[in-house]
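Residue-level structure breakdown
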Amino acid sequence: MKKAHFIFAFLFSFMYASAQDISLSGTIKESASKARIADASISLFDENKKLIVGAMSNDAGEFDLKKLKSGSYVLSIKFIGYTQKDTTVQLLKNRKHDLGDIFLISGHQQINEVNVIASNSGQQHQSDKQVYQANQYKSAVGGTALDIIKNLPSITLDGNGELLVRGNKGLIVLINGTPTLLDAQTILNQVSANDVKEVEFISSPRAQYDPDGKGGMINIKTNKPSSDGFAWLMNLQYGLPSIDDYDNLERQKRFGSDISFQYKRNKLDIQGSLNYLRNDNAGFRDGYVYTIIGDKKTMFPSQGERSFDKYNYGARLNTTYQFADNQKIQLGFLASKKFQDRVADIYYNNQSISTIDGSTIHRLRYFNPNLQNKQGKFYLVDLNYQLSLNKKHSLDIGLVYEHADIYGSTNNGNIENGNDTIQWTRNTYTNPLNGVRASAQHQVKLSDNSELISGYQIRRDGQRGDFRYLGREYGQRDFELIPEFSGKMNAENIVHALFSQFNRSYTNTNIALGLRYEFYKRDVLLVDAKEEYPYQTHQLYPSFDIKHKLDKGWELKMSASRRVQRNNNFELNPIPEREHSETLERGDAELLPEFVTNFETGVIKKFMQGLLFSNVYYQHSKNPIQRINSVYADTILHRVFTNADYARRYGLEVGGEWKPTSSLKLLLGANTYNYKIEGAVLDYVNAYKNSDWVYAINASGMLNLPRQWTAAVDVNYLSDRPTLQGIDSRFITPNFSLSKSFYQGAVTAQVQWKNIELGNWGVNEQRITTYANDFFTTTNYVYEKNIILLNLNFNIKKLNNILRLPKSEFGEKEF
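A brief report on the enclosed structure follows. Bear in mind the structure is a predicted one, so any value in this text is a computation, not a measurement.

The rules we used
- Residues numbered from 1 in each chain as written.
- Predicted model: local features only at pLDDT ≥ 70, side-chain atom pairs only at ≥ 80, totals over all residues.
- Heavy atoms only, no water.
- Helix = DSSP H or I, 4+ residues; strand = E, 2+ residues; numbered from the N terminus.
- Rg over C-alpha atoms; globule rule 2.2 N^0.38 Å.
- Buried < 20%, exposed > 50% of the residue type's maximum accessible area, 1.4 Å probe, protein only.
- Lys, Arg positive; Asp, Glu negative; His and termini not counted.
- Charge placed at Lys NZ, Arg CZ, Asp CG, Glu CD.
- Phe/Tyr/Trp six-rings, centres within 6.5 Å; stacked < 30°, edge-to-face > 60°.
- Pairing = 2+ DSSP bridges.
- Polar contact = N/O pair within 3.5 Å; in protein donor to acceptor, adjacent residues only side chain to side chain.
- Contact = heavy atoms within 4.5 Å.
- 1 Å grid on protein atoms, 1.4 Å probe; cavity = no way out; pocket = protein on both sides within 12 Å on 5 of 7 lines; lining within 4 Å.
- Points joined across faces, edges and corners; volume = space filled by probe spheres on them.
- Nonpolar A, V, L, I, M, F, W, Y, C, P; charged D, E, K, R; others polar.
- Patch = residues over 30% accessible without salt bridge, like charges linked within 9 Å, V, L, I, M, F, W, Y side chains within 5 Å.
- Areas by Shrake-Rupley, 256 points an atom, 1.4 Å probe, with all protein chains shown as cover.
- Salt bridge = Lys/Arg side-chain N within 4 Å of Asp/Glu carboxyl O.
- Core = buried A, V, L, I, M, F, W, Y, C linked by side-chain atoms within 4.5 Å.
- Axes fitted to C-alpha atoms, helices over the stretch in contact; angles between N-to-C directions.

**Here we look at the overall build of the chain**
A count of helical and extended segments in the chain gives six helices and 51 strands. In terms of overall dimensions, the chain is globule-like: its C-alpha atoms have a radius of gyration of 29 Å, near the 28 Å expected for 815 residues. Reported as C-alpha extents along the three principal axes, the dimensions of the chain are approximately 100 × 60 × 55 Å. Residues classed as buried in the chain amount to 54% of the 815 residues present. Taken as two groups, the 95 positive and 87 negative side-chain charges of the chain have centres that lie 7 Å from each other.

Right under this line is the structure:
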């Protein structure tokens, strides 16, 4: 695939070489769909309302006004079917001015005063969060919110599909400010990427937010109506046949559709969406394991298929009603279904030898067909009421209910000599979850530039799991229940929280101080064994952040916080599960939460064509949660969750965006940190320790070409990472997309080339290695490369306006 390598390098160099200087520029877009508007009328007037220059936007909705003088002007933009927009601009000497995206809407004329010093940015850095516009990540079109999140500067996605924030697992996800009990990957896969307007990343959340998640939190903000009336968006996706399916048994299927609508009328706002996505992936795995028990060493290399059949669908509805200027109510619903089949049909070549003289004790070849199924139905209801009592005091009351119907199975067989079934095992489980959150907070304005937010929150959730392990040996007809690997587990969590958050703004400085108190109680009950594992704790979670504006576009910020990574019920479940032939997995009901202390400081530099940021951070973790291996039997590893003693990391991240022209935009996020972990685990005599430097890069570029063509490319790279018992290899995924808009942006067609194979770089592959004095295991997971997806996007409201039949304007007036 050397050609692909050179093509990919050429795309970057071509984008970079396309830069050119301008004096005043912008891009005209439709407010609801963000589609570009061609042939819009551009006029620039001086203070005496004298026309200085006029132009038309090109096919990409862009305009360039050159050779202008400094001073104050009014930029007037007109297009048939849309309201004229007048914007006051202050042009400075010897500067290049870029207004970025300018949106035209249906409604009253808007006049905005703007002192143009920097271009409109696809990202904003506030004192407590970073905000990213979703439409700048073209490779996410037709996918899910997860495809957007993985491109953010501080976030990477590993080969297991887990999100890492500066190397941390544990990210809390909010949808329009509403928290959820589901893990980040599950909830993000239920939200269509086309339904996301912007993403807020909060690395050090303030006191009014849950302290859960050592990686911080993500708030997904969905599209909302900007003017009265209906607006409809629809996207269709189809995946071409696999280029290389690794001889997997079944053909991969990839297709999907999502449709969203927005309605606004007077005091009522409604947003809704429906989505379906089928996204199968071919794959292959190649592994090698050995164990040592006494004077016998058993080796079992393996190879075979590891593929995924996946689909999900869902519906979302949010409604806001403004009773009066001082009060409104919001009601939201989310319902979705997720399905996944993981096929791991593996061929083993086992050999046992004596560690004394090397003689062969036993040799066996066998086939291990394995099918793991996971399914879930997820429901969420969110109710929020906001009331302003007067100019100083306001109340916010919220209630959230969640239900998740989670169930699945694992079928595992051992077949010798091609057709002799020696053993079949079957794990089945049901593990429904119910949870409720309630909150009440009071906000008081102490002065024009300071406020105090205080409140109470309660969270309660519970699961009732039923786990059954069935086995059938050679010669048996029926499956039999194996009690030692079966059982029922009940888990309940309750959190009471009190918090107070003080925020103060000065001319150039913002300061925030917060303190949160929590009482946390956890009860785990093994029903059949009648064993209880209670845990409770009282904790304080302080937080602090400050942001100060310096001269010449520089800003300085600093933050510190204490957080917690609570144990989920999967990690706490001690009932074993046979995931496949070589592993037996279980949790630990006495696992401790991981307590984390974070500190970071950084600078932000804004300039005409973009911005640059840099952060230095330090994190210390007590009781870091790890998944480790030990020897269960000569051909079976025991995989269990446990706590190490401590971990720490310190690092540097840099990133930003650069827009050398109105048509070219480059985004970069780079992160490097030193990670160290140490602890005594299980029955091993010596404590484990491991440390190393880790690197991660997220880079992307977007080029607007003539005639409404757009090209985009992105790369996600994650280097080798140390774990308590070994190392996870690097992971790299490059992507490319090419889009063409029609009918003034009402229709957009796109082709995506995902996981581009680049020679021997090992794209979309990850090797996981762990070892101890009595075992060694390494497995290389190869995921599908060169996936081609076709997308077709419709802005139905805009398309209707464009295709509307002509009528006699004067005749109708006379009539």
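**Some remarks on the packing of aromatic side chains**
All told, the structure shown has 21 aromatic pairs when counted by the stated rule. Both rings, one in Tyr347 and one in Phe367, keep their centres 4.5 Å apart while their planes meet at 25 degrees; by these two values the pair is stacked. On the criterion of sequence distance, the pair formed by Tyr347 in strand β23 (residues 327–354) and Phe367 in strand β24 (residues 360–368) is long-range, its members being 20 residues apart. On the basis of relative accessible area, Tyr347 is assigned to the exposed category, the value being 52%. Centroid distance Phe570 to Phe641: 5.7 Å. Interplanar angle 80 degrees. Geometry classified as edge-to-face.

**Comments concerning the sheet that holds strand β15 (residues 196–202)**
Spatially, the six strands line up as an open sheet ordered β9-β10-β15-β16-β13-β14, and their pairing is mixed. Each edge of the open sheet is held by one strand with a lone partner, namely β9 (123–125) and β14 (178–179). The sheet contact formed by strand β13 (residues 172–175) and β14 spans two bridges and is antiparallel. Residue pairing across strands places Leu174 opposite Pro179, the latter belonging to β14.

**Here we look at the side chain of Asn573**
Inspection of the secondary structure assignment puts Asn573 in the loop between α4 (569–572) and β35 (577–580). Take Asn573: its relative accessible area is 8%, and that puts it in the buried class. Within the structure, the side chain of Asn573 is placed 3.1 Å from the backbone nitrogen of Ile575, a separation counted as a polar contact. Residue contacts for Asn573: discarding those within four places in its chain leaves Phe467, Met489, Arg586, Gly587 and Asp588.

**Quick word on empty space enclosed by the protein**
Empty space among the atoms becomes visible once a probe the size of a water molecule is rolled across them. Under the counting rule described, the total for this entry stands at 17 cavities of 30 Å³ or more. Of the voids in this model, the second largest cavity is the one considered here, and its volume is about 150 Å³. Lining the second largest cavity are 17 residues, and of these Arg166, Asn168, Lys214, Asn598 and Gln619 sit closest to its centre. Mapped onto the lining of the second largest cavity, the elements with two or more residues apiece are β37 (594–607) and β38 (610–622). Classifying every residue of the lining of the second largest cavity by side-chain character gives five nonpolar, eight polar and four charged.

**As for the pairing of β35**
Relative to strand β36 (residues 583–586), β35 is paired through two bridges, and the arrangement is antiparallel. Within β36, the residue paired with Glu577 across the bridge is Glu585. Taking the residues between adjacent antiparallel strands as the criterion, β35 and β36 are bridged by two residues.

**Points about a nonpolar patch on the surface**
A contiguous nonpolar patch, built from Leu317, Leu331, Phe333, Val381, Leu383, Leu399, Tyr401 and Val436 and spanning about 600 Å² of accessible area, is present on the exposed surface. Elements that contribute at least two residues to the nonpolar patch include exactly β23, β25 (370–388) and β26 (393–416). Note on placement: Phe333 falls in strand β23. Relative accessible area serves as the criterion here: at 37%, Phe333 is assigned to the partly exposed category.

**A short note on the nonpolar core**
Ranked by size, the top nonpolar core spans 36 residues in total, and within it Ile149, Leu188, Ile218 and Ile220 carry the most contacts. Each residue touching Ile220, except ones within four places of it in the same chain, is listed here: Ala145, Ile149, Val173, Leu174, Ile175, Asn176, Leu188, Val196, Glu198 and Val199. Residues Ile677, Val694, Leu724 and Tyr781 belong to the second largest nonpolar core, which totals 29 residues.

**Details of unusual backbone geometry**
A negative phi holds for most residues other than glycine; trans holds for most peptide bonds. In this model, Asn176 sits at a positive phi of 55 degrees, which is unusual for a non-glycine residue. By secondary structure assignment, the location of Asn176 is in the loop between β13 and β14. The partly exposed category is assigned to Asn176, whose relative accessible area is 27%. With phi around 55 degrees, Lys530 is a residue other than glycine that occupies positive phi space. Positionally, Lys530 belongs in the loop between β32 (509–526) and β33 (531–549). According to the relative accessible area criterion, Lys530 is exposed, its value standing at 73%.

**Brief notes about the pairing of β24**
Note that β23 and β24 share eight bridges and pair antiparallel. Looking across to β24, one finds that Ile346 is bridged to Asn368. Counting the residues that bridge the hairpin from β23 to β24 gives five residues, and of these Gly358 lies at a positive phi of roughly 80 degrees. Of the strand pairs in this sheet, β24 and β26 are connected by two bridges, and their pairing is antiparallel. Paired with Phe367 across the two strands is Ile415, which belongs to β26.

**Describing the pattern of salt bridges**
Inspection of every chain in the model, using the stated rule, returns 33 salt bridges. Across the pair Arg464 and Glu492 runs a salt bridge, and its minimum N-O distance is 2.7 Å. Taken together, the residues span a long stretch of sequence, with Arg464 in strand β29 (residues 450–473) and Glu492 in strand β31 (residues 487–505) at a distance of 28 residues. Residue Glu492 is classed as partly exposed on the basis of its relative accessible area, which comes to 29%. For Glu518, the salt bridge is made with Arg566, and the minimal N-O distance between the two is 2.5 Å. Here Glu518, found in strand β32, pairs with Arg566, found in the loop between β34 (554–565) and α4; they are 48 residues apart in sequence, far enough to count as distant. Residue Glu518 shares its accessibility class with Arg566, and that shared class is buried. Three or more residues are tied together by salt bridges with common partners; here these are Asp210, Asp212, Arg437, Arg459, Asp461, Arg516, Glu518 and Arg566.

**Description of the sheet that holds strand β40 (residues 636–643)**
Note: strands within a sheet are paired through backbone hydrogen bonds, in either parallel or antiparallel orientation. Within the open sheet, the four strands sit side by side as β35-β36-β40-β39. Their pairing is mixed. Only two strands of the sheet have a single neighbouring strand rather than two, namely β35 and β39 (625–633). Here the average twist between neighbouring strands, direction ignored, is 30 degrees.

**Observations regarding the environment of Leu513**
Along the polypeptide, Leu513 turns up in strand β32. Judged by its relative accessible area of 44%, Leu513 is partly exposed.

**Here we look at the side chain of Gln501**
Of note, Gln501 is situated in strand β31. A polar contact is formed between the side chain of Gln501 and the backbone nitrogen of Ala207, at a distance of 3.0 Å. One polar contact links the side chain of Gln501 to the main-chain carbonyl oxygen of Leu513, over a distance of 3.2 Å. Dropping the residues within four chain positions of it, Gln501 is found in contact with Arg206, Ala207, Gln208, Glu451, Leu452, Ile453, Ala512, Leu513, Gly514 and Ser543.

**A look at the environment of Arg206**
Its location among the elements puts Arg206 in the loop between β15 and β16 (217–222). Each C-alpha atom of the pair Arg206 and Asp478 lies 57 Å from the other, and the pair is 272 residues apart in sequence. With residues up to four places along the chain from it excluded, the contact list for Arg206 reads Ser127, Asp128, Gln501, Asn503, Ala512, Ser543 and Asp545. A distance of 3.0 Å separates polar atoms of two side chains, one belonging to Arg206 and the other to Asp545.

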